[in-house]
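Spelled out, the chains give:
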Amino acid sequence: MLEIRDLHVKFHSRCREAVAGVSLSIADGEILGLVGESGSGKSVTAMSVAGLLPRKQCDYSGDVLLDGADLLHADRSALRKIQGREIGVVFQEPQSSLDPVMKVGKQVEECLYLHTSLTKEERRARALSAMAAVELSDPEVLYGKYPHELSGGMLQRAMIAAAAVTHPKLLVLDEPTTALDVTIQSQILELLKKLNREYGMSMLFISHNLNVVRKLSSRVAVMQTGVIVETGVTEDVYANPRHPYTKKLVAAIPTRKKKNF
Ligand SMILES: Nc1ncnc2c1ncn2[C@@H]1O[C@H](COP(=O)(O)OP(=O)(O)OP(=O)(O)O)[C@@H](O)[C@H]1O
Ligand SMILES: [Mg+2]
């Protein structure tokens, strides 16, 4: 359903390409993990998929196809139809992605407002059910709250509800759990698995945490300095990393030690 072919992105202000010939594909209902060191081009790849590349600041080439429709070169109005409807996006910092002066419920239903002709009541009902689906307790109450009244974990759930409210084909998640503590992190991972299972949403899941990727994704791609150095079935890559950089990453995973409390 998603196919990236030979993607190149070079920012005018940089000498090196941020993305230097990436090819990736995601099948229907699949979760692909994308890992790699800081600055390796993960977020720029995600932005290219989500139609969020600052086009004026860079040169880009290649193909990004969602069910055959070109995203990389699509014009604004075509992009706007796809963004939020067929692709949902969740970034690391819910605090900066949500509007502080807009009620949470309104933000969850924003994509419905933009992309559907549902009535106000229907939108509210859909938003409440999306909030329930991400296991936010008391959606009716939270609907009328402002972002600062929610905890970090609740905000991230609200962001996921907002991204998933239109039941997009693809969710792009860029380090969605990095800012959260470990317990909340694993709850969010379970939630993403549930969305994948129940709605068949495909996901591009970016993380620098290999353990997190392992829990969630069936395939993984490893990125270093703008290129994919290794890709494969997650368990195979972990059990038998071939590229020296992947070997280093796998060796650096902290092994779980039993703690005595
Ligand atoms: N708007 C921009 N203007 C100029 N350079 C940029 C811009 N956005 C990203 N870059 C550069 O592109 C390269 C890739 O950045 P990117 O954000 O994709 O890395 P990343 O793999 O997501 O890293 P991290 O794990 O830290 O999030 C970096 O060298 C970065 O500085
Ligand atoms: Mg990033």
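For the structure itself, look to the data block above.
Residues numbered from 1 in each chain as written. Chains lettered and ligands numbered in written order. Predicted model: local features only at pLDDT ≥ 70, side-chain atom pairs only at ≥ 80, totals over all residues. Heavy atoms only, no water.

Description of the environment of Leu 204
Then, number 1: Along the polypeptide, Leu 204 turns up in strand 8 (residues 202-206).
Then, number 2: Looking at Leu 204, the relative accessible area reads 1%, which means it is buried.
Then, number 3: The sequence separation of Leu 204 and Leu 171 amounts to 33 residues, and the corresponding C-alpha distance is 6.4 Å.
Then, number 4: Ignoring sequence-local partners within four residues, the contact set of Leu 204 consists of Ile 26, Leu 32, Leu 34, Ala 46, Val 49, Leu 170, Leu 171, Val 172 and Leu 173. (Helix = DSSP H or I, 4+ residues; strand = E, 2+ residues; numbered from the N terminus. Buried < 20%, exposed > 50% of the residue type's maximum accessible area, 1.4 Å probe, protein only. Contact = heavy atoms within 4.5 Å.)

Describing the packing of aromatic side chains
Then, number 1: Tallying each qualifying case throughout the model produces zero aromatic pairs.
Then, number 2: The lysine or arginine in question, Arg 124, covers the ring of Tyr 143, its NZ or CZ lying 4.7 Å from the ring centre. (Phe/Tyr/Trp six-rings, centres within 6.5 Å; stacked < 30°, edge-to-face > 60°. Lys NZ or Arg CZ within 6 Å of the ring centre and 35° of its normal.)

Notes on helix 6 (residues 120-133)
An α-helical segment advances 3.6 residues per turn. Residues three or four places apart therefore align on the same side.
Then, number 1: Look at helix 6: 20 Å from first C-alpha to last across 14 residues, which is about the 20 Å you get at 1.5 Å a residue.
Then, number 2: Listed in full, the buried residues belonging to helix 6 are Arg 123, Ala 127, Leu 128, Ala 130, Met 131 and Ala 133.
Then, number 3: Of the residues one or two after helix 6, Glu 135 is the one with positive phi, at around 60°. (Expected span 1.5 Å × (residues − 1).)

A short note on the sheet that holds strand 2 (residues 19-26)
Then, number 1: Ordered in space as 2-1-4-5, the four strands form an open sheet in which the pairing is antiparallel. Across the chains shown, the open sheet's two edge strands, defined by having one partner strand only, are strand 2 and strand 5 (69-70).
Then, number 2: The pairing of strand 1 (residues 2-11) with strand 2 spans six bridges and is classified as antiparallel. Considered in strand 2, the bridge of Glu 3 is made with Ser 25.
Then, number 3: On the sheet, helix 1 (residues 42-50) packs against strand 1, strand 2 and strand 4 (58-66) and is oriented at approximately 120° with respect to strand 1. (Pairing = 2+ DSSP bridges. Axes fitted to C-alpha atoms, helices over the stretch in contact; angles between N-to-C directions.)

A look at the layout of surface pockets
Then, number 1: By volume, the largest pocket is sized at about 590 Å³.
Then, number 2: Contributing to the lining of the largest pocket are 21 residues, with Gly 84, Val 89, Glu 110, Cys 111 and Ala 162 lying nearest its centre.
Then, number 3: No other element matches helix 5 (residues 110-115), which puts four residues into the lining of the largest pocket.
Then, number 4: In the lining of the largest pocket, the residues fall into twelve nonpolar, six polar and three charged. (1 Å grid on protein atoms, 1.4 Å probe; cavity = no way out; pocket = protein on both sides within 12 Å on 5 of 7 lines; lining within 4 Å. Points joined across faces, edges and corners; volume = space filled by probe spheres on them. Nonpolar A, V, L, I, M, F, W, Y, C, P; charged D, E, K, R; others polar.)

Here's the deal with empty space enclosed by the protein
Then, number 1: In the structure shown here, the tally under the stated rule is one cavity of 30 Å³ or more.
Then, number 2: Each pocket or cavity is described by its volume, and for the largest cavity that value is around 40 Å³.
Then, number 3: Lining the largest cavity are Ser 48, Gly 51, Leu 52, Leu 53, Arg 55, Tyr 60, Leu 71, Leu 72 and Leu 79.
Then, number 4: Split into classes, the residues belonging to the lining of the largest cavity amount to six nonpolar, two polar and one charged.

Observations concerning helix 9 (residues 182-199)
Then, number 1: Look at helix 9: 26 Å from first C-alpha to last across 18 residues, which is about the 26 Å you get at 1.5 Å a residue.
Then, number 2: Among all positions in helix 9, only Gln 185, Ile 188, Leu 189, Leu 191, Leu 192, Lys 194, Leu 195 and Asn 196 are buried.
Then, number 3: Among the structural elements, strand 3 (31-36), helix 6, helix 8 (152-164), strand 7 (170-174), strand 8 and helix 10 (210-216) are those in contact with the buried residues of helix 9.
Then, number 4: Sitting at the head of helix 9, Asp 181 places a side-chain oxygen 3.1 Å from the backbone nitrogen of Thr 183.
Then, number 5: A positive backbone phi angle near 65° is found at Gly 200, which sits one or two residues after helix 9. (Polar contact = N/O pair within 3.5 Å; in protein donor to acceptor, adjacent residues only side chain to side chain.)

Some thoughts on the sheet that holds strand 6 (residues 87-90)
The strands that make up a sheet are held in pairs by hydrogen bonds between backbone atoms, and each pair lies either parallel or antiparallel.
Then, number 1: What the six strands build is an open sheet, ordered 6-7-8-3-9-10; its pairing is mixed. Edge positions in the sheet fall to strand 6 and strand 10 (227-233), since each of these pairs with one other strand and no more. When the angles between neighbouring strand axes are averaged without regard to direction, this sheet yields 15°.
Then, number 2: By the bridge criterion, five bridges tie strand 3 to strand 9 (residues 219-224) in an arrangement that is parallel. Bridging across to strand 9, Leu 32 finds its partner in Arg 219.
Then, number 3: Seen against the sheet, helix 8 touches strand 6 and strand 7 and runs at an angle of roughly 165° to strand 6.

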